[in-house]
Amino acid sequence: MPVPVFTHPSCERHDPGAGHPEAPSRLRAVRERLVGEPAAALREAPAALEADLLAVHQQRYLEQVQGLVGAGGGALDADTIVNGHSWEAALHAAGAALAATDHALSGQGNAFAAGRPPGHHALAGAAMGFCLLANAVIAARHALARGVDRVLIVDWDVHHGNGTQALVETDPAIRFISMHQWPWWPGTGTADERGVGNVFNLPRPPGLPPARYVGDLWGAVETATTGWTPGLVLVSAGFDSMRGDPLGGFTLEPEHFADLTLRLRERFEPAPLVGLLEGGYIPARLAEGVAAHVRALA
Ligand SMILES: [Zn+2]
């Protein structure tokens, strides 16, 4: 069975402006690549419901973003810029994460959410680092509300998932593993940030052989989940950890994401896996990384 890939046309209309790395061309490249991928079945994502957003974000913040988008757009911070389509895009990016999670929890298999803007830097009351809504945490809370006991979030984006960490670090029902370049933006993610024992950070230098990154991340997965069995595995799938990315110095190739995906499936079966698109700033490379991940989900 092909893996459903939830996305929405509005996610290609959110545009932070000329020269910004988090460009619509990223998702266009992913979509065009997956159209020709037998392992993937593109599906239209619904908009997220407000109740799912309010389980994670402050109402005041949601109104602030909608207000700026309604006025035609502007800057939420130095890096995070919205246009008139960005709220619809954010709702559908979160909706894609929710639809992929619902698919997985209904016993139909794994799924991927190909939305943008990405989510792992977004905070409860603030946008950050190209991110508006914390899609992974929105999906995790939704899964817990549906009766899942434990959710594992694995973040292999080259940047620390500081927003995800901040939103889950007091919740023992969610465990968060992030491997990221260090020292590097956003400056958080040291190994001694442990939350309530549920946060597992792997700060790593750039330029290591890919087998080191894969081995270290896998070691953290084993440490984090010995005696702790998740009912759902979410992958904050950022592909800026690939060799050559302009925003990072890791060295991963598509085969390494496939390897990690297969290992996660095997270790946590019968728990389903849901991948969520985060970073990755060379569109053609991003598309190959996503395709390898999705093929391994099938
Ligand atoms: Zn990133």
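All of the points below concern the structure found in this document. Everything numeric here is computed off the predicted structure, so don't read it as measured data.

How each quantity is defined
Residues numbered from 1 in each chain as written. Predicted model: local features only at pLDDT ≥ 70, side-chain atom pairs only at ≥ 80, totals over all residues. Heavy atoms only, no water. Salt bridge = Lys/Arg side-chain N within 4 Å of Asp/Glu carboxyl O. Helix = DSSP H or I, 4+ residues; strand = E, 2+ residues; numbered from the N terminus. Buried < 20%, exposed > 50% of the residue type's maximum accessible area, 1.4 Å probe, protein only. Phe/Tyr/Trp six-rings, centres within 6.5 Å; stacked < 30°, edge-to-face > 60°. Polar contact = N/O pair within 3.5 Å; in protein donor to acceptor, adjacent residues only side chain to side chain. Contact = heavy atoms within 4.5 Å. Donors = N, O, S within 2.8 Å, 3.2 Å for Na, K, Ca; no water. Pairing = 2+ DSSP bridges. Axes fitted to C-alpha atoms, helices over the stretch in contact; angles between N-to-C directions. 1 Å grid on protein atoms, 1.4 Å probe; cavity = no way out; pocket = protein on both sides within 12 Å on 5 of 7 lines; lining within 4 Å. Points joined across faces, edges and corners; volume = space filled by probe spheres on them. Nonpolar A, V, L, I, M, F, W, Y, C, P; charged D, E, K, R; others polar. Lys, Arg positive; Asp, Glu negative; His and termini not counted. Right-handed = clockwise from strand over helix to strand, strands pointing away.

### Some thoughts on the pattern of salt bridges
Part 1 of the reasoning: Using the criterion set out here, one finds 13 salt bridges in the structure.
Part 2 of the reasoning: Between Glu37 and Arg295 there is a salt bridge, with its nearest N and O atoms 3.1 Å apart. Within this pair, whereas Glu37 is found in the loop between α1 (24-35) and β2 (40-44), its partner Arg295 is found in helix α9 (residues 283-297), the two being separated by 258 residues in sequence.
Part 3 of the reasoning: Given the relative accessible area of 38%, Arg295 is considered partly exposed.
Part 4 of the reasoning: In this structure, Arg243 engages Glu253 in a salt bridge whose closest nitrogen and oxygen atoms are separated by 3.7 Å. Of this pair, Arg243 sits in the loop between β9 (232-237) and α8 (254-268) while Glu253 sits in the loop between β9 and α8, placing them 10 residues apart in sequence.
Part 5 of the reasoning: Overlapping salt bridges, with partners in common, bring together Arg33, Glu37, Glu288 and Arg295 in one network.

### So, the packing of aromatic side chains
Part 1 of the reasoning: With the rule as written, the count across this model stands at five aromatic pairs.
Part 2 of the reasoning: A ring pair is formed by Phe130 and Tyr281, whose centres lie 5.8 Å apart and whose planes are at 85°; its orientation type is edge-to-face. Pair noted here: Phe130 is in the loop between β5 (111-113) and α5 (135-145) and Tyr281 is in the loop between β10 (273-277) and α9, with a separation of 151 residues, a long-range link.
Part 3 of the reasoning: Among the residues examined, Phe130 registers a relative accessible area of 13% and is labelled buried.

### As for the side chain of His20
Part 1 of the reasoning: Structurally, the position occupied by His20 is in the loop between β1 (3-7) and α1.
Part 2 of the reasoning: Polar contacts involving the side chain of His20 include one to the main-chain amide nitrogen of Glu22, which spans 3.0 Å.
Part 3 of the reasoning: Those residues in contact with His20 that sit more than four places away from it in its chain are Asp79, Ile81 and Phe130.

### As for the coordination of the zinc ion
Expected angles at a metal are 109.5 degrees for tetrahedral coordination by four donors and either 90 or 180 degrees for octahedral coordination by six donors.
Part 1 of the reasoning: Here the zinc ion is held by Asp157 (OD), Asp157 (OD), His159 (ND1) and Asp240 (OD), and the distances to it run 2.0 to 2.7 Å.
Part 2 of the reasoning: Between consecutive donor residues of the zinc ion, the sequence gaps follow D-x1-H-x80-D.
Part 3 of the reasoning: Judged by relative accessible area, Asp157 falls into the buried class, the value being 1%.
Part 4 of the reasoning: On the accessibility criterion, His159 (8% relative accessible area) is buried.

### Comments concerning the sheet that holds β9
Part 1 of the reasoning: Reading across the sheet, the eight strands line up as β2-β1-β5-β10-β9-β6-β7-β8 and stay open at both edges, with parallel pairing between neighbours. Two strands lie at the open edges of the sheet, namely β2 and β8 (199-204), each paired on one side alone. Geometrically, the sheet is characterised by an average inter-axis angle of 15° between neighbouring strands, direction not taken into account.
Part 2 of the reasoning: Pairing geometry for β9 and β10, over five bridges, is parallel. In the sheet register, Val235 faces β10, and the bridge partner there is Gly275.

### So, the layout of surface pockets
Part 1 of the reasoning: Volume-wise, the largest pocket comes out at about 160 Å³.
Part 2 of the reasoning: The wall of the largest pocket is formed by 13 residues, among which Met1, Pro2, Pro4, His103 and Gln108 lie closest to the centre.
Part 3 of the reasoning: Elements that contribute at least two residues to the lining of the largest pocket include exactly β1, β2 and α4 (86-108).
Part 4 of the reasoning: Its residues placed into classes, the lining of the largest pocket shows seven nonpolar, four polar and two charged.

### What to know about unusual backbone geometry
Part 1 of the reasoning: Here the bond from Trp182 into Pro183 is cis, since omega is -5°, no more than 30 degrees from zero.
Part 2 of the reasoning: Mapped onto the elements, Pro183 comes out in the loop between β7 (174-181) and β8.

### Details of the environment of Thr223
Part 1 of the reasoning: Following the sequence through the fold, Thr223 ends up in helix α7 (residues 210-225).
Part 2 of the reasoning: Residue Thr223 is classed as exposed on the basis of its relative accessible area of 56%.
Part 3 of the reasoning: In sequence terms Thr223 and Val154 are 69 residues apart; their C-alpha atoms lie 13 Å from each other.

### Points about the side chain of Asp157
Part 1 of the reasoning: Within the secondary structure layout, Asp157 lies in the loop between β6 (151-155) and α6 (162-168).
Part 2 of the reasoning: The buried charged residue Asp157 lacks any salt bridge, with Arg26 as its nearest oppositely charged partner at 6.8 Å.
Part 3 of the reasoning: A polar contact is formed between the side chain of Asp157 and the backbone nitrogen of Gly279, at a distance of 2.9 Å.
Part 4 of the reasoning: Here Asp157 is in contact with His120, Met179, His180, Ser236, Gly238, Asp240, Ser241, Glu278 and Gly279, once residues within four sequence places are set aside.

### Some thoughts on the pairing of β6
Part 1 of the reasoning: Across the five residues that make up β6, a large majority, five, are buried.
Part 2 of the reasoning: Alternating positions in β6 separate into two faces, Val151, Ile153 and Asp155 on one and Leu152 and Val154 on the other, with burial throughout.
Part 3 of the reasoning: For β6 and β7, the ladder comprises five bridges, and the chain directions are parallel. Across the sheet, the residue bridging to Leu152 is Arg175, located in β7.
Part 4 of the reasoning: Each parallel crossover has a hand, and for β6 linked through α6 to β7 it is right-handed.
Part 5 of the reasoning: Strand direction decides the pairing type here: β6 and β9, joined by five bridges, are parallel. Looking across to β9, one finds that Leu152 is bridged to Val233.

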